[in-house]
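Inside the fold
Each chain is listed here by its residues.
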Amino acid sequence: MSKYIKAFSEDGVGVVQLHRPEVLNALNRVMVDEIVNQLESFDKNDTIRVIVLIGNEKAFAAGADIEEMMEATPLTLELLNPFVEWDKIGRIKKPIIAAVNGFALGGGFELALHCDLIVAAEDAKFGFPEVKLGVLPGAGGTQFLTKAMGVRKALEWIWLGEPMSADVAYEYGVINRMIAPELVMEETMRLAKQLAKQPPISLRLIKEAVHAAVDLSLQDGKNLERKNFYLAFASEDQKEGMRAFSEKRPASFKGR
Ligand code: DAK
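Values in this document were obtained by computation on a predicted structure and should not be read as measured data.

**Quick word on the sheet that holds strand S10 (residues 177-179)**
Read from one edge of the open sheet, 6 strands run S1-S2-S3-S5-S7-S10, paired in mixed fashion. Every interior strand has two partners, whereas the edge strands, strand S1 (5-10) and S10, have only one. For this sheet, the mean angle separating the axes of adjacent strands, direction not counted, is 20°. As paired strands, strand S5 (residues 96-100) and strand S7 (residues 117-121) are joined by 4 bridges and run parallel to one another. Bridge assignment links Ala99 to a residue of S7, and that residue is Val119. Its contacts with the sheet put helix H1 (residues 29-44) on S1, strand S2 (13-18) and strand S3 (50-54), and the angle it makes with S2 is roughly 175°. Across the face of the sheet, helix H9 (residues 184-196) comes into contact with S1, S2, S3, S5, S7 and S10 while running at roughly 160° to S7.

Below, the structure written as structure tokens:
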């Protein structure tokens with residue numbers, strides 16, 4: 001039984017809701033473990049095709065739990081190695097969409113940036129306030145934001161530690177959709193269910209190739225894409241997709 005998250009599913013979409021409202025979903029270690037375990041469980045579950053991560057209307061997550069973080073020493077960090085859990089999120093094969101209302105700060109912003117797509121409220125607040133605590137982003141924030149915005153913009157935001165409005169995040173391609181706060185969940189579920197109808201094997205091969213494009217040379221990326229393209233031809237869904245086109249009917253994809 002999870003203490004800090006709720007999970008449910010609907011029409012092939014697995015939803016993980018962060019639930020620690022009394023501290024704006026501040027992420028302690030147990031909560032991060034619960035989130036990662038639930039993501040992995042949805043990833044293994046054949047009835048789930050897309051995963052959605054949400055908070056509540058006030059906060060997606062206001063960062064790592066500062067009370068817990070105060071106790072950290074270099075040695076506890078080395079021994080507990082909490083970064084391993086975060087790395088597991090990057091190994092989830094299914095699409096993950098973050099639905100952000102309110103604050104997505106520090107580790108909360110990093111959690112959203114570990115997702116493939118981000119749908120956010122017009123009044124959502126993103127940012128890395130770590131500098132004001134005498135540290136720096138520790139779960140990939142400097143890397144994710146720089147790859148999204150470029151060096152100068154990322155430095156400005158991370159150095160100043162000020163909240164970034166949704167329209168700035170949208171302008172720089174950090175988020176996919178910016179909508180009225182009360183529509184965030186509805187729009188995210190609509191997008192998730194639309195994705196859940198796509199062939200799951202294509203989705204995962206596309207996810208791998210697109211994320212690899214950030215790090216690989218163009219030629220290495222094209223080589224990976226090519227191997228994934230060959231692999232898609234081993235699937236029943238490739239046969240179904242092409243047959244459905246020629247028979248002028250909608251395809252029904254099975255994930256095989
Ligand atoms: N940690 C602990 N408690 C928090 C919290 C946080 N990050 N954020 C909010 N709370 C608590 C508040 O203390 C308050 O508790 P009570 O006083 O009611 O007991 C309650 O939530 C409501 O917050 P406020 O009263 O402050 O609410 P406001 O609307 O006035 O302000 C705010 C909202 C988001 C502007 C404010 O709460 C705030 O500035 N929060 C802190 C933001 C922040 O600095 N976040 C932490 C950044 S550092 C790592 C992975 C990741 C990280 C580190 C390591 N490893 C894998 C090792 C990430 C680091 C960070 O995220």
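**A short note on the sheet that holds strand S8 (residues 125-127)**
Neighbouring strands of a sheet are bound in pairs by backbone hydrogen bonds; such pairs are parallel or else antiparallel. Strand order in the open sheet formed by 4 strands is S4-S6-S8-S9, and the pairing between neighbours is mixed. Where the open sheet ends on each side, the last strands, each with one partner, are strand S4 (59-61) and strand S9 (164-165). Relative to S8, strand S6 (residues 103-105) runs parallel, the two sharing 3 bridges. Looking across to S8, one finds that Phe103 is bridged to Lys125.

**A look at H9**
A rise of 1.5 Å per residue sets the reference length of H9, with its 13 residues, at 18 Å; its end C-alpha atoms lie 18 Å apart and thus fit the reference within 8%. Every buried residue belonging to H9 is among Val184, Glu187, Thr188, Met189, Leu191, Ala192, Leu195 and Ala196, and all of these are buried.

**Some points on a negative patch on the surface**
Among the surface-exposed residues, Glu122, Asp123, Asp167, Glu171 and Glu182 lie close enough to one another that they form a single negatively charged patch. Turning to its location among the elements, Glu122 is positioned in the loop between S7 and S8. Relative accessible area serves as the criterion here: at 45%, Glu122 is assigned to the partly exposed category.

Conventions used here
- Residues numbered from 1 in each chain as written.
- Predicted model: local features only at pLDDT ≥ 70, side-chain atom pairs only at ≥ 80, totals over all residues.
- Heavy atoms only, no water.
- Pairing = 2+ DSSP bridges.
- Helix = DSSP H or I, 4+ residues; strand = E, 2+ residues; numbered from the N terminus.
- Axes fitted to C-alpha atoms, helices over the stretch in contact; angles between N-to-C directions.
- Contact = heavy atoms within 4.5 Å.
- Expected span 1.5 Å × (residues − 1).
- Buried < 20%, exposed > 50% of the residue type's maximum accessible area, 1.4 Å probe, protein only.
- Patch = residues over 30% accessible without salt bridge, like charges linked within 9 Å, V, L, I, M, F, W, Y side chains within 5 Å.
- Areas by Shrake-Rupley, 256 points an atom, 1.4 Å probe, with all protein chains shown as cover.
- Salt bridge = Lys/Arg side-chain N within 4 Å of Asp/Glu carboxyl O.
- Lys, Arg positive; Asp, Glu negative; His and termini not counted.
- Charge placed at Lys NZ, Arg CZ, Asp CG, Glu CD.

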